[in-house]
Amino acid sequence: MSATHERALEALAKRGRLRSLRDRRGADFASNDYLALAESDALADAARAALERGVPTGSGGSRLLRGNHEEHEALEREAAAYFKAESALFLGGGFVANTAILSTLPQRGDLVVYDELIHASAHDGMRLGRAATVKARHNDAQAFDDAITTWRQSGASGQPWIVVESLYSMDGDRAPLADLLTVSAKHDAMLVIDEAHATGVYGTEGRGLASDLEGQANVISLHTCGKALGVMGALVIGPKLYKDFLVNRARGFIYATAPSPLIAATVRAALTIVRDEPERRHRLHDLVRVAGSLLAETADIEVSNSQIQPIIVGSDTRAVAIAETLQRAGYDIRAIRPPTVPEGTARLRLTITLHTDEQQLAGVIDAIGTALREHPA
Ligand SMILES: Cc1ncc(COP(=O)(O)O)c(C=O)c1O
């Protein structure tokens, strides 16, 4: 290892920011497997059935060469119908999908206004793109409006883009989508909605928090398939024009091996389960309500009312110490530190999934209260 890299890692360790891989241990309060589909018999059976009907494990190449498979096409047809939009494009993951969208669709002369808490993959996409970018205050629709107005007043004539998550990954709060839609209509702006944490959990038929907006000419949404859907990959949903543009211009699509057809087949099964088994998300919503009332009683915590509950503790070292205490008690909860979240807001990210139940929730929330007192700020 070079001295530079060694010093950088030492500096991270000194600040309580060194990351390392650890085993899966303890009760799951950390995964995004919200509907407990990732290890389900239902998806294992679907994958087995796909193998038995001859679906290959590998695609063998880019979709634009020989990698395009009927399973990709079928998934995209079904996803477009399910999300009630003109088209769907399947990519290997949400990260590559976000970078593809934001590096490719906004053009030179355009403006991308993004929520300050947007995911790292959106930042990488914007960095690779040619449009100007400006940050808006979190969940402040007026700030988006003002940013576009100021840009227009400067004489700009390009296309404005608004980029948000529908449910924020580290805060568990929701974007004001109705207000943002009004802002986008006012300015003729495109609205890009990352539904990573809402897909399968919220909305009509589990289609996400933007389920009523999809199909509109100015809306593009991103549904990741590795969280509630329990598989991997991502679906970009929107007007066909943008799918065609991505197929022609997105480097992460063109110059990459197509996702495994077996994975595409399994995602098809996951979409069917989510659509046809609403009881899964209803059960999750019940658990979220239980957790909310327990958290409100136990500690001075702002309840998110979603399956992602941050417990903001401030310093990185405090977050790590509390997470370690909880892990020793048998609960798998992880500390989330800057730069993933803003400076001074290190936190525990408690996720609620169908892997847990009311009794275990009561146990973990009690343990959180105790750990917060044992490790004061
Ligand atoms: C909001 C958001 N967008 C995109 C991604 C990336 O998705 P994937 O894990 O499928 O690459 C994530 C996952 O961490 C996310 O939280």
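The coordinates are above.
Per chain, residue numbering runs from 1 following the sequence as it is written. Only residues with pLDDT of at least 70 get local features here, since the model is predicted, and only at 80 or more are side-chain atom pairs given and counted; chain-wide, interface and lining totals rely on the full set of residues. To get the side-chain values, all heavy atoms of the structure are used, and hydrogens and water are removed first.

Focus on the overall build of the chain
Inference 1: Helix and strand assignments follow DSSP, with helices taken as H or I runs no shorter than four residues and strands as E runs no shorter than two, numbered in order from the N terminus. The secondary structure content of the chain amounts to 14 helices and twelve strands.
Inference 2: The size measure is the radius of gyration over C-alpha atoms, and the globule rule it meets is 2.2 Å times the number of residues to the 0.38 power. Computed over the C-alpha atoms, the radius of gyration of the chain is 21 Å, within 12% of the 21 Å expected from 2.2 N^0.38 for a compact globule of 377 residues.
Inference 3: C-alpha atoms of the chain, sized along the principal axes, occupy 60 × 55 × 50 Å.
Inference 4: Burial classification: accessible surface area is computed with a 1.4 Å probe over protein chains only, and a residue below 20% of its type maximum counts as buried, one above 50% as exposed, and the rest as partly exposed. Expressed as a percentage of the 377 residues in the chain, the buried residues total 54%.
Inference 5: Residue burial considers only the protein chains on display, and all accessible areas are found by Shrake-Rupley using a 1.4 Å probe. Total accessible area on the chain stands at roughly 17100 Å², and carbon and sulfur atoms take up 51% of it.
Inference 6: Of the charged side chains in the chain, 41 are positive and 48 negative; the average position of the first set lies 6 Å away from that of the second. Charged-residue counts in this description rest on Lys and Arg as positive and Asp and Glu as negative, His and the chain ends being excluded. For this purpose, a charge sits on NZ of Lys, CZ of Arg, CG of Asp or CD of Glu.

Notes on the site of the ligand
Inference 1: Surrounding the ligand, one finds 13 residues, the nearest of these being Gly94, Phe95, Asp194, His197 and Lys227.
Inference 2: In the analysis that follows, any N or O atom pair within 3.5 Å is treated as a polar contact, provided that within protein one partner can donate a hydrogen and the other can accept it, and provided that, for residues neighboring in sequence, both atoms belong to side chains. At 2.8 Å, a backbone N or O of Phe95 approaches an oxygen atom of the ligand.
Inference 3: Within the side chain of His119, an N or O atom sits 3.2 Å from an oxygen atom of the ligand.
Inference 4: Out of a free accessible area of 390 Å², the ligand has 78% covered by protein chains. Residue proximity to a molecule or strand is established when one non-hydrogen atom of the residue lies within 4 Å of it.

A look at helix H2 (residues 41-52)
Inference 1: Take the number of residues in a helix, subtract one, and multiply by 1.5 Å to get its expected span. Compared with an ideal rise of 1.5 Å per residue, which puts twelve residues at 16 Å, H2 spans 16 Å between its outermost C-alpha atoms and is within 8% of the ideal.
Inference 2: For H2, the complete set of buried residues consists of Leu43, Ala46, Ala47 and Ala50. For H2, the arc enclosing every buried residue in end-on projection is 95°, short of the 170-degree limit, so these residues lie on one face. Opposite the buried face of H2, at more than 90 degrees from it, the exposed residues are Asp41 and Glu52.
Inference 3: Close packing links the buried residues of H2 with helix H11 (261-276).
Inference 4: Downstream of H2 by one or two residues, Gly54 has phi in the positive range, about 95°. Throughout, the arc means the angular range of directions from the helix axis out to the C-beta atoms. By definition, residues are in contact when any of their heavy atoms lie within 4.5 Å.

Re a nonpolar patch on the surface
Inference 1: Nonpolar side chains (Val, Leu, Ile, Met, Phe, Trp, Tyr) within 5 Å and like charges within 9 Å form the patches, drawn only from residues with over 30% relative accessible area and no salt bridge. Any carboxyl oxygen of Asp or Glu that lies within 4 Å of a side-chain nitrogen of Lys or Arg is treated as forming a salt bridge with it. Taken together, the side chains of Leu9, Leu12 and Leu18 make up a nonpolar region of the molecular surface, amounting to roughly 220 Å² of accessible area.
Inference 2: Take Leu12: it is sitting in helix H1 (residues 3-14).
Inference 3: The exposure class assigned to Leu12 is partly exposed, which follows from its relative accessible area of 31%.

Points about the side chain of Asp115
Inference 1: As for its position among the elements, Asp115 is in strand E3 (residues 111-115).
Inference 2: Buried Asp115, no salt bridge; nearest opposite-charge side chain is Arg137, N-O distance 8.8 Å.
Inference 3: Looking at Asp115, its side chain comes within polar contact range of the side chain of Tyr168, at 3.4 Å.
Inference 4: For Asp115, the residues in contact, after removing those within four places along its chain, are Ala136, Arg137, His138, Asn139, Phe144, Val163, Val164 and Tyr168.

Description of the packing of aromatic side chains
Inference 1: Side-chain rings of Phe, Tyr and Trp (the six-membered ring for Trp) are treated as a pair once their centres are within 6.5 Å; stacked means planes under 30 degrees apart, edge-to-face means over 60, and tilted covers the remaining angles. A complete count under the given rule lists three aromatic pairs for this structure.
Inference 2: With a centroid separation of 6.3 Å and an interplanar angle of 75°, the aromatic rings of Trp161 and Tyr242 are classed as edge-to-face. Pair noted here: Trp161 is in strand E5 (residues 160-165) and Tyr242 is in helix H9 (residues 240-249), with a separation of 81 residues, a long-range link. Accessibility assignment for this pair places Trp161 and Tyr242 in one class, buried.
Inference 3: The ring of Tyr202 carries Arg174 above its face, with NZ or CZ at 4.9 Å from the centroid. The rule for a charge over a ring is simple: NZ of Lys or CZ of Arg within 6 Å of the ring centre, and within 35 degrees of the ring normal.

Quick word on the layout of surface pockets
Inference 1: Put simply, the second largest pocket is a space of about 380 Å³.
Inference 2: Here the term cavity refers to a set of points on a 1 Å grid, laid over the protein atoms alone, in which a 1.4 Å probe fits but cannot get out; the term pocket refers to an open set having protein on both sides within 12 Å along at least five of seven lines, with lining residues being those that place an atom within 4 Å of a point. Looking at the second largest pocket, it is lined by 17 residues, and the ones nearest its centre are Ser103, Thr104, Arg130, Arg249 and Arg251.
Inference 3: Elements with a minimum of two residues in the lining of the second largest pocket: helix H5 (94-104), H9 and helix H10 (251-254).
Inference 4: Per element, the largest residue contribution to the lining of the second largest pocket is five residues, and it comes from H5.
Inference 5: Three classes are used, and their members are as follows: Ala, Val, Leu, Ile, Met, Phe, Trp, Tyr, Cys and Pro are nonpolar, Asp, Glu, Lys and Arg are charged, and the others, Gly among them, are polar. When its residues are assigned to classes, the lining of the second largest pocket shows seven nonpolar, six polar and four charged. Grid points are joined across faces, edges and corners, and a volume is the space filled by probe spheres set on the points.

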